[in-house]
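The residues making up each chain are set out below.
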Amino acid sequence: MNYLRTAILLAGLTGLFMAVGYLIGGGGGAVIALVIAAATNLFSYWNADKLVLSMHDAQEVDDSSAPELVGVVRGLAQHAGLPMPRVYLMDSPQPNAFATGRNPEHAAVCATTGLLNTLSRDEIAGVIGHELGHVRNHDTLTMTITATIAGAISMLAQIGMLFGGFARDRESNSGLGIVGSVLMLILAPLAAMIVQMAISRTREYAADNFGGRVSGRPDALASALVKISRVAEEVPNDTAEAHPATAHLFIINPLSGRGMDNLFSTHPSTENRIAALNELSREMGLGSLGAAQRGATRAATGPWGDAGRRENEVSRGPWG
């Protein structure tokens, strides 16, 4: 059902792009819009991962520079039957993570330093499992395409405002006209954003489910979501603020905006995600989030901090 919903939304986004092209230039405009969409998506297919990692100044790490993180990623990837992705670390106090890459063979997983210093090993494994879910389901490519088309729709609407609508109105009184052009400039990007956000939210639930299953601890992933969302409200992610178009890639919205309606959120509500993970945990015969918080997964710092300050040793699960 998630795949069908995503396919329908993608088709709607592409149709919206072509409709804007048609309103500007008729049948020829629709064809040109389709060609532009194909060209931008082709560029994104080959270069999106490099661009995103560069935007966030992420540095690749290995067994020598970040053995614990790389070990968790390797173990989970093997358990999930996925190729080992490249592993990156970005210097940000906000706990968060994202995945990128056009397919599982060319994927990268990036965590922030804040994530490693805030969460327990079980919680980090749940987060990494979530990101591997995006890799397995090719969500990184899907979200790159949606972001590209949504951006192109906004650009095309602006072009129509400046040239297409006015010119056609003067010549035949059958074009968009001034009012129509203004409406297109406002409504087309808004509609594109809504579809983009709907696709992103659909894929988050699927990645949560995969992350909970592959790590074996959906309760720990739920606990991680609570901690990340709480800290993200107070601690800024400077590179995400500078490049808000990448916000949908992170496991929790990294932007510090307040009062945004749920309709325009890049992610489902944390409460709904936790409810779904708690249901999965019961299905697997494990405890809920409340039990996890009271039990052995609770830790004062992450496994990359002072291990002596941790209250209890966390279980290693199928990745270790």
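Heads up: these notes are all about the structure in this document. (Residues numbered from 1 in each chain as written. Predicted model: local features only at pLDDT ≥ 70, side-chain atom pairs only at ≥ 80, totals over all residues. Heavy atoms only, no water.)

## Topic: the overall build of the protein
Stated precisely, the cut-off is as follows: Secondary structure counts use DSSP, requiring at least four H or I residues in a row for a helix and at least two E residues in a row for a strand, with both numbered from the N terminus. Only protein chains enter the calculation, and the probe is 1.4 Å; a residue is then buried if its accessible area is under 20% of its type maximum, exposed if over 50%, and partly exposed in between. Contacts are residue-level and defined by heavy atoms, with any inter-residue pair within 4.5 Å sufficient. The accessible surface values rely on the Shrake-Rupley method and a 1.4 Å probe; as for residues, cover is taken only from the protein chains in view.
The secondary structure content of the protein amounts to ten helices and four strands. Helices and strands in the protein line up, N terminus first, as α-β-α-β-β-β-α-α-α-α-α-α-α-α. Here the protein holds 320 residues, and 50% of them are scored as buried. The long-range share in the protein, meaning contacts at least 24 apart out of those at least 6 apart in sequence, stands at 68%. For the protein, the computed accessible surface area is about 14100 Å², with 60% contributed by carbon and sulfur atoms.

## Here we look at the sheet that holds strand β2 (residues 86–90)
What counts is decided by this rule: For two strands to pair, DSSP has to find at least two bridges joining them. To obtain an axis, a line is fitted to C-alpha atoms, over the contacting stretch when the element is a helix, and the angle between two such axes runs from 0 to 180 degrees between their N-to-C directions.
Read across the open sheet, the four strands follow the order β1-β2-β4-β3; overall the sheet is mixed. Lying at the two open borders of the sheet, with one neighbouring strand each, are β1 (59–61) and β3 (97–100). Neighbour to neighbour, the strand axes of the sheet diverge by 30° on average, direction disregarded. Where β1 meets β2, three bridges bridge the pair, whose relative direction is antiparallel. Of the residues in β2, the one forming a bridge with Q59 is L89. Strands in contact with helix α4 (residues 121–136) are β3 and β4 (108–112); relative to β3, the strand with the most contacts, it is inclined by about 25°.

## Quick notes on the pattern of salt bridges
The condition is simple: Criterion for a salt bridge: a side-chain nitrogen of Lys or Arg within 4 Å of a carboxyl oxygen of Asp or Glu.
One pass over the structure, following the stated rule, counts eleven salt bridges. Here D139 and R203 are joined by a salt bridge, their closest N and O atoms 2.8 Å apart. Of the two residues, D139 is situated in helix α5 (residues 139–172) and R203 in helix α6 (residues 177–215); the sequence distance between them amounts to 64 residues. Residue classification places D139 among the buried residues on the basis of a relative accessible area of 2%. Where R213 meets E283, a salt bridge forms, and the shortest distance between an N and an O atom there is 2.9 Å. Linking R213 in helix α6 with E283 in helix α9 (residues 270–283), this pair joins segments that are 70 residues apart in sequence. Owing to a relative accessible area of 54%, E283 belongs among the exposed residues under this scheme. It is possible to trace a salt-bridge network through shared partners that takes in D122, R217 and D219.

## Quick word on a nonpolar patch on the surface
What counts is decided by this rule: Note that patches include only residues with greater than 30% relative accessible area and no salt bridge, and the join distances are 9 Å for like charges and 5 Å for nonpolar side chains (Val, Leu, Ile, Met, Phe, Trp, Tyr).
Taken together, F43, L51 and M55 make up a surface patch of nonpolar side chains, about 270 Å² in accessible area. With respect to the secondary-structure elements, F43 resides in helix α1 (residues 2–55). Among the residues examined, F43 registers a relative accessible area of 49% and is labelled partly exposed.

## Structural notes on the nonpolar core
Filter applied, for reference: What we call a nonpolar core is a set of buried Ala, Val, Leu, Ile, Met, Phe, Trp, Tyr and Cys residues that are connected through their side-chain atoms within 4.5 Å.
Counting 35 residues, the largest nonpolar core has L69, V127, I128 and L132 as the members making the most contacts within it. For this core, the elements supplying multiple residues, two or more each, are α2 (67–80), β2, β4, α3 (113–118), α4, α6, α7 (218–232) and α9. If you tally residues by element for this core, the top one is α7, at seven residues. Non-local contacts of V127, meaning those with residues more than four positions away in its chain, are made with A97, L115, L119, L221, A224, I228 and I251.

## Focus on α9
Basically, it comes down to this: Working rule for helices: expected span equals 1.5 Å times residues minus one. Arc definition: it is the arc formed by the directions from the helix axis to the C-beta atoms.
The terminal C-alpha atoms of α9, which comprises 14 residues, lie 20 Å apart, in line with the 20 Å expected from a rise of 1.5 Å per residue. By the burial criterion, the buried members of α9 are T270, R273, I274, L277, N278, L280 and S281. The buried side chains of α9 occupy one side of the element, clustering within an arc of 160° when seen end-on. Those residues of α9 that are exposed and aimed more than 90 degrees away from the buried face are E271 and E283. Immediately downstream of α9, the backbone of G285 shows phi near 75°, a positive value.

## Concerning the environment of T118
Quick reminder of the rule: By the criterion applied in these results, polar contacts are pairs of N or O atoms within 3.5 Å in which, for protein atoms, one can donate a hydrogen and the other can accept it, and in which residues neighboring in sequence qualify only through two side-chain atoms.
Take T118: it is sitting in helix α3. A residue is classified by how much of its surface remains accessible, and T118, at 25% relative accessible area, is partly exposed. When the C-alpha positions of T118 and I228 are compared, they lie 8.5 Å apart, and in sequence the two are 110 residues distant. In terms of polar contacts, T118 uses its side chain to reach the backbone carbonyl oxygen of G114, at 2.6 Å.

## Considering the side chain of R203
A relative accessible area of 2% means that R203 is categorised as buried. Within the local environment of R203, its side chain forms a polar contact with the side chain of D139, the two groups lying 2.8 Å apart.

## Concerning the packing of α2 against α4
Quick reminder of the rule: Orientation labels follow simple angle bins: below 35 degrees gives roughly parallel, above 145 gives roughly antiparallel, 65 to 115 gives roughly perpendicular, and whatever is left gives oblique. Crossing chirality is assigned from the near helix's rotation relative to the far helix, an anticlockwise turn below a right angle marking it left-handed and a clockwise turn marking it right-handed. For this classification, the nonpolar set comprises Ala, Val, Leu, Ile, Met, Phe, Trp, Tyr, Cys and Pro, the charged set comprises Asp, Glu, Lys and Arg, and every other residue, Gly included, is treated as polar.
Viewed as axis vectors pointing N to C, α2 and α4 meet at an angle of 55°, and their least axial separation amounts to 10 Å. Accordingly, the angle class assigned to the pair α2 and α4 is oblique. Where α2 crosses over α4, the two elements pack in a sense that is right-handed. Residues E68, L69, V72, V73, L76 and A77 of α2 lie in contact with α4, whose contacting residues are R121, A125, I128, G129 and L132. By residue class, the composition of the contact of α2 with α4 is eight nonpolar, one polar and two charged.

Any functional reading would require information beyond the geometric quantities listed.
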